[in-house]
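# Per-entry structural report
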Amino acid sequence: MIPVPSNTRVWLAAGVTDMRRGFNTLAALAQQVLEEDPYSGHMFVFRGRRGDLLKIIWWDQQGACLFSKRLERGRFVWPAAKDGKVNLSPSQLAMLLEGIDWRMPQKTWKPTTVGSGREAGAQHLDKRYRCSRSP
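Quantities reported herein were computed from a predicted structural model and do not represent experimental measurements. (Residues numbered from 1 in each chain as written. Predicted model: local features only at pLDDT ≥ 70, side-chain atom pairs only at ≥ 80, totals over all residues. Heavy atoms only, no water.)

## A few points about the pattern of salt bridges
- Inspection of the entire model under this criterion finds five salt bridges.
- When the shortest N-O distance is used, the salt bridge between aspartate 52 and arginine 50 registers 3.6 Å.
- A relative accessible area of 58% places arginine 50 in the exposed class.
- With a shortest N-O distance of 3.2 Å, arginine 70 and glutamate 72 are connected by a salt bridge. (Salt bridge = Lys/Arg side-chain N within 4 Å of Asp/Glu carboxyl O. Buried < 20%, exposed > 50% of the residue type's maximum accessible area, 1.4 Å probe, protein only.)

And the structure:
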């Protein structure tokens, strides 16, 4: 996993990018097409035509970083737009890198009433524990 500082923004370049490009050319795309400063410390994500390869560039205040990932099966979920940019959260970036659909993450559980979650289970265990220790 790439360590992403909390103040870092993640920009996803919509559309298709030539994956033969290196840091300098991708940085030029970030500056000219996405209208963002490639040396700002933000991350810029690009995807190839087949959808199984992406590249991320960022400047870490010491030098230029280029990360590449190819999925063995499946494709990276990408916006349908042909151009422009999409802002992702660091958690959405993590999902994207794992091949998970980051667009509509689902919460797995939400309490319906107060006391119906962990607290109720903890109280139940606490009562059981007290009962077993009493003389």
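From this point, things continue past the structure.
## A word on helix α1 (residues 23-32)
- Residues Phe23, Leu26, Ala27, Leu29 and Ala30 constitute the buried set of α1. Buried positions in α1, seen along its axis, are confined to an arc of 155° and lie on one side of it. Turned more than 90 degrees away from the buried face of α1, the exposed residues are Asn24, Gln31 and Gln32.
- In this structure, the buried side of α1 is in contact with β2 (43-47), β3 (53-59) and β4 (64-70). (Helix = DSSP H or I, 4+ residues; strand = E, 2+ residues; numbered from the N terminus. Arc of directions from axis to C-beta. Contact = heavy atoms within 4.5 Å.)

## A word on the nonpolar core
- In this structure, Met43, Val45, Leu54, Ile56, Leu93, Leu96 and Trp102 are the most contacted members of the largest nonpolar core, which totals 19 residues.
- Looking at this core, the elements with two or more residues in it are β1 (10-13), β2, β3 and α2 (90-97).
- Per element, the largest residue contribution to this core is four residues, and it comes from α2.
- Other than its neighbours up to four places away in sequence, leucine 93 contacts Val4, Val10, Met43, Val45 and Ile56.
- Listed in part, the twelve residues of the second largest apolar core include Met19, Ala30, Leu34 and Phe44. (Core = buried A, V, L, I, M, F, W, Y, C linked by side-chain atoms within 4.5 Å.)

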